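One-letter residues, chain by chain:
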Amino acid sequence: MTSCFTGGDGWPEPVVRVQDVSDTCGDTIPERYVKPLSERPCLLPASGGVAGGAGGPNIPVVDLSMLDVDATSRAVAAACREWGFFQAVNHGVRPELLRSARAAWRGFFRQPAEVRERYANSPATYEGYGSRLGTAKGGPLDWGDYYFLHLLPPSLKSHEKWPSLPSSLRGTTEEYGEEVLELCRRVMRLLSSGLGLEAGRLQAAFGGEVGEGACSACLRVNFYPRCPQPELTLGVAGHSDPGGMTMLLVDDHAKGLQVRSPDGEWIIVDPVPDAFIVNVGDQIQVLSNAAYKSVEHRVTVSAAEDRLSMAFFYNPRSDLPIAPMAELVGPGRPALYPEMTFDEYRVFIRQRGLAGKAQLQSLQANRAVAAAGGGCSAAVVSSTCS
């Protein structure tokens, strides 16, 4: 096959664009993308679906336009306690903006390689055009490229780091980010009320909405090229999101997201048109003392068509200590996790890549050891306790 390697500034080895691999690999994908047998998706060739998909269970759907705010909060809380996921409909973000945002980013991934490569990223910030997460040499690779950019805090946002082609992309992404940000703040209030707390309590634990202590937000646009052997690989390996909360806008014509159901089975999400798929991240699981669950999920790929999704990550301020909120800890209800900043937490992912729920489980195990009078400190848990 033709060489698809590009320069990899800061990466441990040359970076491969999956889009180029897809165009040149023929009928066989390179070994680096083949997942272990236990991690491979179970595809159903007859329907193109996934086990547990059509006709099976689906994540809850919540109508955010209900007039009864308490009822909405209860519905959101119930979904996040049991599933960690829900589909938000009538959420207030204009449908035409959803379509414009998807179209603009599809336009970027259709640009010639030399245009896309102007924005190649590095492990220093991950901002820009990328094709891998972990920095471990020889580490696993997923069947997908992405573009990562910052929206909050303002000091990190730079339109110059956003693609200039197509010409509509920067303006559309700015508008999209503003509307989704307001939706995130609204859902945060619902989540907080669902814990029996003041509506702004969870937001305060993130660092507030505005000012010096504000939380952070970023966007990762995922592009999953056609794959000749989709049964051997994944667009994104199984993981729970390390941040606070994710607003995912999926492709309007191709399914691919799989979620662990409460009984441990993988199901494929059947997207509702113009809905956001909302999921709890590890930081909210920690803050809620596991009342809300960050659930493992993964992405399958297709032999028939490309797929694009847009993941908006709403996170706590990166240097703010995160631990179970005091109101949710008491006799018979101990804190399950040690205090740790989001910066410290995501070092694990940036070194090793995605690894199921290994980081959160190691934190919980470390807390249990510490409570028994020994073990590691939270600051070193990712390197010595996992």
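Since the model is a prediction, treat every value here as computed from it, not as a measurement.

Trainee: I'm lost on the nonpolar core in this one. Help?
Mentor: Counting 63 residues, the largest nonpolar core has Trp105, Tyr176, Met245, Met247, Phe276, Phe312 and Tyr314 as the members making the most contacts within it. Ranked by residues supplied to this core, first place goes to helix 5 (residues 169-194) with 10 residues. With residues near it in sequence (within four places) discarded, Met245 still touches Cys184, Val187, Met188, Leu191, Val278, Asn279, Gly281, Ile284, Phe312, Phe313 and Tyr314. One finds Trp83, Trp143, Val259 and Val295 within the second-largest nonpolar core, a separate group that totals 33 residues.

Trainee: Which parts of the structure should I look at to understand the side chain of Asp142?
Mentor: With respect to the helices and strands, the residue Asp142 is situated in the loop between strand 7 (128-130) and strand 8 (145-152). Reaching out from Asp142, the side chain makes a polar contact with the backbone nitrogen of Ala237 at a distance of 3.2 Å.

Trainee: For this particular structure, what's the right way to read the confidence of the model for the chain?
Mentor: Detailed reading of the predicted coordinates is not advisable wherever pLDDT falls low. When pLDDT is averaged across the chain, the result is 87; 83% of the residues are at 70 or more. Note on residues 1-7: pLDDT under 50 across the span, and 19 contacts to partners over four residues away in sequence or across chains. Counting interchain partners and residues more than four positions distant, the pLDDT-below-50 stretch residues 45-53 has 18 contacts.

Trainee: What am I meant to see in the environment of Leu202 here?
Mentor: Here Leu202 is to be found in helix 6 (residues 201-206). Classification of Leu202 as buried rests on a relative accessible area of 1%. Remark: the alpha-carbon pair of Leu202 and Arg185, spanning 17 residues in sequence, is separated by 9.9 Å. Beyond its immediate stretch of four places on either side in the chain, Leu202 contacts Met188, Leu191, Ser192, Ile284, Leu287 and Met325.

Trainee: Just to check I follow, could you spell out the pairing of strand 9 (residues 216-224) for this structure?
Mentor: A regular strand places its side chains on the two faces of the sheet in alternate fashion. With respect to burial, strand 9 is a largely interior element, nine of its nine residues being buried. Side-chain alternation along strand 9 places Ser216, Cys218, Arg220, Asn222 and Tyr224 on one buried face and Ala217, Leu219, Val221 and Phe223 on a second face that is also buried. Alignment of strand 9 against strand 16 (residues 307-315), held across nine bridges, turns out to be antiparallel. Across the sheet, residue Cys218 finds its bridge partner in strand 16, namely Phe313.

Trainee: Could you clarify how one ought to interpret the environment of Glu174 in this entry?
Mentor: Its place among the elements puts Glu174 in helix 5. If sequence neighbours within four positions are ignored, Glu174 has contacts with Lys157, His159 and Trp162.

Definitions and cut-offs
- Residues numbered from 1 in each chain as written.
- Predicted model: local features only at pLDDT ≥ 70, side-chain atom pairs only at ≥ 80, totals over all residues.
- Heavy atoms only, no water.
- Core = buried A, V, L, I, M, F, W, Y, C linked by side-chain atoms within 4.5 Å.
- Buried < 20%, exposed > 50% of the residue type's maximum accessible area, 1.4 Å probe, protein only.
- Helix = DSSP H or I, 4+ residues; strand = E, 2+ residues; numbered from the N terminus.
- Contact = heavy atoms within 4.5 Å.
- Polar contact = N/O pair within 3.5 Å; in protein donor to acceptor, adjacent residues only side chain to side chain.
- pLDDT = per-residue confidence, 0-100.
- Pairing = 2+ DSSP bridges.

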